[in-house]
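Given next are the chains, with one letter for each unit.
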Amino acid sequence: MTERTGRCLCGAVSFTLSAEPLAVRVCWCRDCQHLAANGTVNLLVAADALTVSGTLSEFLKTADSGNEISRQFCATCGTHVLARSSARPQFRVLRAGNLDEPSSIRPNMNIWAASAPDWACLDQALERIEQQPLPPKPAPSAEA
Ligand SMILES: [Zn+2]
Ligand SMILES: [Zn+2]
């Protein structure tokens, strides 16, 4: 298991991720385009594998999927750090750009590809999902 660390632009918020991400995706939903001016690269992680320190501010919005999304930002520099969906409270969505080592992960899917702009650079080698992806399958494990 690799432990990953990261922080916001100013460093007031930092985090430690103690488990492998369940999925790594490039999201082209319109909300992500507002935040990033492009697709966003996100790690879907188990909430209990993520430890965050620092003060986050929150913005709530209903997404195209119909789920209420809580987006959390550094209260000082405004960096978007993570998000949480009302439909899947056991997961967090972590922005890959805040990782101390962004090359330690690799996206494997474009999601909400139908709303990507004409000029978007979508890696054709990645799985393409036009809208909301299915939730990840439970990891094969010995857990009861
Ligand atoms: Zn900050
Ligand atoms: Zn998105």
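This text gives an overview of the structure that appears in the document. Keep in mind that this is a model prediction, so the values were computed, not measured. (Residues numbered from 1 in each chain as written. Chains lettered and ligands numbered in written order. Predicted model: local features only at pLDDT ≥ 70, side-chain atom pairs only at ≥ 80, totals over all residues. Heavy atoms only, no water.)

Right, let's get into the coordination of the zinc ion (ligand 2). Looking at the zinc ion (ligand 2), one finds its protein donor set to be C27 (SG), C29 (SG) and C32 (SG), positioned 2.1 to 2.3 Å from the metal centre. Donor residues for the zinc ion (ligand 2) sit on one chain with the sequence pattern C-x1-C-x2-C. The exposure class of C29 is buried, given its relative accessible area of 10%. (Donors = N, O, S within 2.8 Å, 3.2 Å for Na, K, Ca; no water. Buried < 20%, exposed > 50% of the residue type's maximum accessible area, 1.4 Å probe, protein only.)

The next subject is the sheet that holds strand 11 (residues 127–128). Strand order in the open sheet formed by 8 strands is 6-7-8-9-4-3-10-11, and the pairing between neighbours is mixed. Since the sheet does not close on itself, it has two edges, and those belong to strand 6 (56–62) and strand 11, each with one partner. Sheet analysis places strand 4 (residues 40–46) next to strand 9 (residues 91–95), joined by 5 bridges and oriented antiparallel. Bridge pairing links L44 to V93 in strand 9. (Pairing = 2+ DSSP bridges. Helix = DSSP H or I, 4+ residues; strand = E, 2+ residues; numbered from the N terminus.)

Take the pairing of strand 3 (residues 23–27) next. Across the 5 residues of strand 3, 5 count as buried, placing the element largely inside the fold. The alternating pattern of strand 3 places A23, R25 and C27 on one face and V24 and V26 on the opposite face, and all of these are buried. Inspection of the sheet shows strand 3 paired to strand 4 by 5 bridges, in the antiparallel sense. In the sheet register, R25 faces strand 4, and the bridge partner there is N42. In the sheet, strand 3 pairs with strand 10 (residues 109–111) via 3 bridges, with the strands oriented parallel. In the sheet register, R25 faces strand 10, and the bridge partner there is M109.

What follows covers the coordination of the zinc ion (ligand 1). Angles at a metal have ideal values that depend on geometry: 109.5 degrees with four tetrahedral donors, 90 or 180 degrees with six octahedral donors. Taken together, C8 (SG), C10 (SG), C74 (SG) and C77 (SG) make up the protein donors of the zinc ion (ligand 1), found 2.3 to 2.4 Å from the metal. Seen from the zinc ion (ligand 1), its 4 donor atoms lie at angles of 107 to 114°, and the figure they make is tetrahedral. For the zinc ion (ligand 1), the donor residues sit on a single chain with the sequence spacing C-x1-C-x63-C-x2-C. A residue pair is termed long-range when its members are at least 10 positions apart, and C8 in the loop between strand 1 (4–7) and strand 2 (14–17) and C77 in the loop between strand 7 (68–74) and strand 8 (80–85) qualify at 69 residues. Its relative accessible area of 4% is what places C8 among the buried residues. (Tetrahedral: all angles 85-135°; square planar, octahedral: opposite > 155°, others 65-115°.)

Take the side chain of Q33 next. Counting through the fold element by element, Q33 comes out in helix 1 (residues 30–36). According to the relative accessible area criterion, Q33 is buried, its value standing at 13%. One polar contact links Q33 to R30, side chain to side chain, over a distance of 3.1 Å. Among residues more than four places away in sequence, those in contact with Q33 are W28, N38, S115, A116 and P117. (Polar contact = N/O pair within 3.5 Å; in protein donor to acceptor, adjacent residues only side chain to side chain. Contact = heavy atoms within 4.5 Å.)

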